[in-house]
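The chain contents come next:
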Amino acid sequence: MKAKQLLSVLAAPSILFTALACGTPPPPANQPSGDIIPLAPSTASAAPQPTAEKSAAPAASAAPSASAPGKPKPAPAGIPMVVSENEKEVTSAVGVSGGILRVGGVADLQIPRESLAETFGFTFALNTGKTMLKVTPYKGQIGDVYRVFVFRESASSEPVGVSAGGAPFVVKLPIKGGAATANLAIGVADKGKAKFTVITPKSVLTADTGNTAVFEVNALPGEAVLHLTSAAP
């Protein structure tokens, strides 16, 4: 080999080594080697995954059926109903949770849970004083005469009748005069006169202080009087 050619061959590696030592990078290869993370994901890897959406769909579609419009929300079970009481007159708002109105510690008007789908105002009172209904009691009257008035909050002076959508309403009245049992007379004003309906008791509660008649009523007039009677239905 000629001397000039030999010098050329030996000089080439020296030039490459000198370039590397000086920090000059080698020319880029056509294909990258090793694991290289791209700065922007490809369109294929950015496509949304449908798995999470499919699994969440049944929960979203089931939610409306649990709170369908027009269906009252169930009242919590196991919680005692609120008792509103007074000696002569008590007024209380009663809704789906139900409630008990008690007069004189002995007379009850009970609205069971879920009997009402909406809230109404109830007044339960002795039929005395300025608000008394001037109605002649039914024959065979036993004990006191009570007054019932049902209304909406938006129109508190207008009576509105209510029906029990679940368990019936319950009326408990003390049987005075030593009688063993009694019926219930419900009177409403009809063209200036009282029109009465008489029903028999569901049961009679006995006690040393006197008996109590228990009645179940499926509907209450917006305004009425109640009292016990010895008369037959």
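What you see is a predicted model, and the numbers here were worked out from it, not measured in a lab.

Glancing now at the packing of aromatic side chains. In the structure shown here, the tally under the stated rule is three aromatic pairs. Ring centres of F124 and Y146 lie 5.5 Å apart, and the angle between their planes is 25 degrees; this geometry places the pair in the stacked category. Residue F124 is found in strand β5 (residues 120-126), and its partner Y146 is found in strand β6 (residues 141-151); the two are separated by 22 residues along the sequence. The burial state of F124 is the same as that of Y146; both residues are buried.

Let us look at the sheet that holds strand β14 (residues 223-229). Across the sheet, which stays open at both edges, the six strands sit in the order β2-β5-β6-β14-β9-β10 with antiparallel pairing between neighbours. Strands with a single pairing partner mark the edges of an open sheet, and in this sheet they are β2 (89-94) and β10 (193-199). Adjacent strand axes in the sheet meet at a mean angle of 25 degrees when their direction is disregarded. With seven bridges connecting them, strand β9 (residues 183-190) and β10 associate as antiparallel partners. Residue pairing for β10: L184 is matched across the bridge by I199.

On inspection of all chains with the given rule, the structure shows four salt bridges. Residues R147 and E89 are paired through a salt bridge, measuring 3.4 Å at the closest nitrogen-oxygen approach. Remark: E89 occurs in strand β2 and R147 occurs in strand β6; sequence separation between them is 58 residues.

Burial of the side chains of β2 is restricted to one face: V90, S92 and V94 are buried, whereas none of E89, T91 and A93 on the reverse face is. With six bridges joining them, β2 and β5 adopt antiparallel strand pairing. Counterpart to E89 in the pairing with β5 is A125.

To continue, consider the side chain of T123. Tracing the backbone through its elements, the reader meets T123 in strand β5. Polar side-chain contacts of T123 include one of 2.8 Å to the side chain of T91. Every residue in contact with T123, bar those within four places of it in the chain, is listed here: E89, V90, T91, L101, R147, V148, F149 and F151.

Definitions and cut-offs
Residues numbered from 1 in each chain as written. Predicted model: local features only at pLDDT ≥ 70, side-chain atom pairs only at ≥ 80, totals over all residues. Heavy atoms only, no water. Phe/Tyr/Trp six-rings, centres within 6.5 Å; stacked < 30°, edge-to-face > 60°. Helix = DSSP H or I, 4+ residues; strand = E, 2+ residues; numbered from the N terminus. Buried < 20%, exposed > 50% of the residue type's maximum accessible area, 1.4 Å probe, protein only. Pairing = 2+ DSSP bridges. Axes fitted to C-alpha atoms, helices over the stretch in contact; angles between N-to-C directions. Salt bridge = Lys/Arg side-chain N within 4 Å of Asp/Glu carboxyl O. Polar contact = N/O pair within 3.5 Å; in protein donor to acceptor, adjacent residues only side chain to side chain. Contact = heavy atoms within 4.5 Å.

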